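# Structural description and commentary
Each chain, letter by letter, is given below.
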Amino acid sequence: MAGVVVSGAQVSYISQDCEEIPEFLGRIYGHMAKRLDLSFNLLRSLEGLKTFSYLEELILDNNLLGNDLLLPRLPHLHTLTLNKNQISLERLLDHLAEVVPSLQYLSLLGNMACPNELVCKEKDEDDYQRYRYFVLHKLTNLKFLDTRKVTRREREEALVRGAFMKVVKPKDAKAFSDAASSSPEMHYTPLPSGSRDLTNHRGILGKCRYIYYGKHSEGNRFIRDDQL
């Protein structure tokens, strides 16, 4: 078949601009493929994977997969790469925990799901580390996440705090920012509101009960009687 590269139990169907997995791939190779590479296509659905029940590695980089991504149950799958798609996080992790129980290597670089500073300037290393804790909390068998090996410390942190490490942006953050930028600039002043207008300045008069006679002024030491 045109576009298909087969090497032993490895099947590749790369850069074919397909929006769904062709039926012939599953019919011909589904019973024997252990590694399937479908990178650089236009995939929006993975329905055609149902016949690939022996898959151990699945490469889906550079497609158009979104939050409606659904995988069939693949009990032998240990490696899954979904780099550069259109996927957010929590729903995906719950789904993977259910359908790929043997998963050990997962890569999500280049998705909204992965707050990596290399692809999103607003994110930093702290955001990325929280993301790792959250993913490891959901997928406890992972040994590699993205490009890094999972450490024992990360696993311990994920166990204790992972459930609270989801990286989120407040829904009204943009609205708050817009409101702040459109409001007139305000400067703090301790003056009463009535005296803040520079064009309407008013003085304040008052009385003091203390009367100063000058007897104890330090200056009196240097004034002679004939100078008074």
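Above this text is the structure in question.
In what follows, the accompanying structure is described. Predicted, not measured: the structure shown is a model, and the values here were computed from it. (Residues numbered from 1 in each chain as written. Predicted model: local features only at pLDDT ≥ 70, side-chain atom pairs only at ≥ 80, totals over all residues. Heavy atoms only, no water.)

Our next topic: the packing of aromatic side chains. Per the counting criterion, the structure on display carries 3 aromatic pairs. Residues Tyr 105 and Phe 144 carry aromatic rings whose centres are separated by 6.0 Å and whose planes lie at 40° to one another, so their mutual orientation is tilted. Here Tyr 105, found in strand E6 (residues 105-107), pairs with Phe 144, found in strand E7 (residues 144-145); they are 39 residues apart in sequence, far enough to count as distant. Aromatic side chains Tyr 128 and Tyr 131 sit 5.3 Å apart centroid to centroid with 35° between the ring planes, which places their arrangement in the tilted category. Within this pair, Tyr 128 and its partner Tyr 131 are both found in helix H3 (residues 125-138), separated by 3 residues, close to a single helical turn. Pair check on accessibility: Tyr 128 and Tyr 131 agree, each one buried. (Phe/Tyr/Trp six-rings, centres within 6.5 Å; stacked < 30°, edge-to-face > 60°. Helix = DSSP H or I, 4+ residues; strand = E, 2+ residues; numbered from the N terminus. Buried < 20%, exposed > 50% of the residue type's maximum accessible area, 1.4 Å probe, protein only.)

Glancing now at the packing of H3 against helix H4 (residues 152-161). Two elements in contact, H3 and H4, have axes separated by 8 Å at closest approach and are oriented at 75°. Classed by the angle they form, the pair H3 and H4 counts as roughly perpendicular. Along the contact surface, H3 presents Gln 129, Arg 132, Tyr 133, Leu 136 and His 137, while H4 presents Arg 153, Glu 154, Glu 157, Ala 158 and Arg 161. Class assignment of the residues belonging to the contact of H3 with H4 gives a composition of 3 nonpolar, 2 polar and 5 charged. (Axes fitted to C-alpha atoms, helices over the stretch in contact; angles between N-to-C directions. Parallel < 35°, antiparallel > 145°, perpendicular 65-115°, else oblique. Contact = heavy atoms within 4.5 Å. Nonpolar A, V, L, I, M, F, W, Y, C, P; charged D, E, K, R; others polar.)

This part is about the pattern of salt bridges. Summed over the entire model, instances satisfying the criterion amount to 7 salt bridges. Among the ionic pairs, Glu 23 bridges to Arg 27, the shortest N-O distance being 2.9 Å. Linking Glu 23 with Arg 27, this pair stays in helix H1 (residues 23-29), spanning 4 residues, or about one helical turn. Like Glu 23, the residue Arg 27 is exposed in the burial classification. For Arg 148, the salt bridge is made with Glu 125, and the minimal N-O distance between the two is 2.9 Å. Remark: Glu 125 occurs in helix H3 and Arg 148 occurs in strand E8 (residues 148-149); sequence separation between them is 23 residues. (Salt bridge = Lys/Arg side-chain N within 4 Å of Asp/Glu carboxyl O.)

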